[in-house]
2 protein chains.
Amino acid sequence: MKARILVSFKDSVLDPQGQTVRNALHTLGYDAVQDVRQGKVFELDLSGISKAEAERLIPEIAGKVLANMVIEKYTWQILED
Amino acid sequence: MKARILVSFKDSVLDPQGQTVRNALHTLGYDAVQDVRQGKVFELDLSGISKAEAERLIPEIAGKVLANMVIEKYTWQILED
């Protein structure tokens, strides 16, 4: 079973990496890009557990290990069984 | 219009960050996690262009600027109009 977890800064937190990318895109002429937010993606390969266990485990791993919940938020989805 | 671009190492490229995360998860007892691949996510806020233009622009930006196509691959999707 594969799961994808997206971790990004909360909207209220400044994202200097994203701003740098946006500025670089403007320099290259991509003026349609108003804003860029950069984050991390984790793709987990899980085995030996049921989908129900995975649905309990993934947010636990995301909230405790992968994201710093003080400044970051996460979303997750199961990609395949 | 918002677009999401996921950039990760090609499957043939070693991912030491992902391996470190996997080892950390094993240390914490999350043995169901067989493998972890880590990548980057970019959320772009686009304006003043049509959806068709966005569908042309996003892979161009991803392939030329956001991903290093020698060792990385990307996927993208438009999140909302």
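Residues numbered from 1 in each chain as written. Chains lettered and ligands numbered in written order. Predicted model: local features only at pLDDT ≥ 70, side-chain atom pairs only at ≥ 80, totals over all residues. Heavy atoms only, no water.

1. Some remarks on the pattern of salt bridges
Turning to step 1, where the next piece is worked out: In total, this model carries 11 salt bridges over all chains according to the counting rule given.
Turning to step 2, where the next piece is worked out: The closest approach of N and O atoms between A:K2 and A:D45, which form a salt bridge, is 3.9 Å. Of this pair, A:K2 sits in strand β1 (residues 2-9) while A:D45 sits in strand β2 (residues 33-46), and the two are 43 residues apart along the sequence.
Turning to step 3, where the next piece is worked out: Take A:K2: its relative accessible area is 34%, and that puts it in the partly exposed class.
Turning to step 4, where the next piece is worked out: A salt bridge links B:K40 to B:E72; its shortest N-O distance comes to 3.6 Å. (Salt bridge = Lys/Arg side-chain N within 4 Å of Asp/Glu carboxyl O. Helix = DSSP H or I, 4+ residues; strand = E, 2+ residues; numbered from the N terminus. Buried < 20%, exposed > 50% of the residue type's maximum accessible area, 1.4 Å probe, protein only.)

2. Description of helix α2 (residues 51-66) of chain A
Turning to step 1, where the next piece is worked out: Within the span of α2(A), buried status applies to A:A54, A:L57, A:I58, A:I61, A:A62 and A:L66.
Turning to step 2, where the next piece is worked out: Check the buried side of α2(A) and you find it contacts β1, β2 and β3 (72-80) of chain A together with α1 (16-27) and β2 (33-46) of chain B. (Contact = heavy atoms within 4.5 Å.)

3. A word on the relation of the copies chain B and chain A
Turning to step 1, where the next piece is worked out: Once chain B is rotated about the relating axis by 180° and shifted along it by 0.0 Å, it coincides with chain A to within an RMSD of 0.0 Å. On this basis, the relationship between the two copies can be described by a two-fold rotation axis. Taking C-alpha positions as the reference, the residue of chain B nearest the rotation axis is B:K40, at 2.2 Å.
Turning to step 2, where the next piece is worked out: The fraction of interface residues of chain B whose copies in chain A are also interface residues reaches 100%, indicating that both copies meet through the same surface. (Least-squares fit on C-alpha atoms with pLDDT ≥ 70 in both.)

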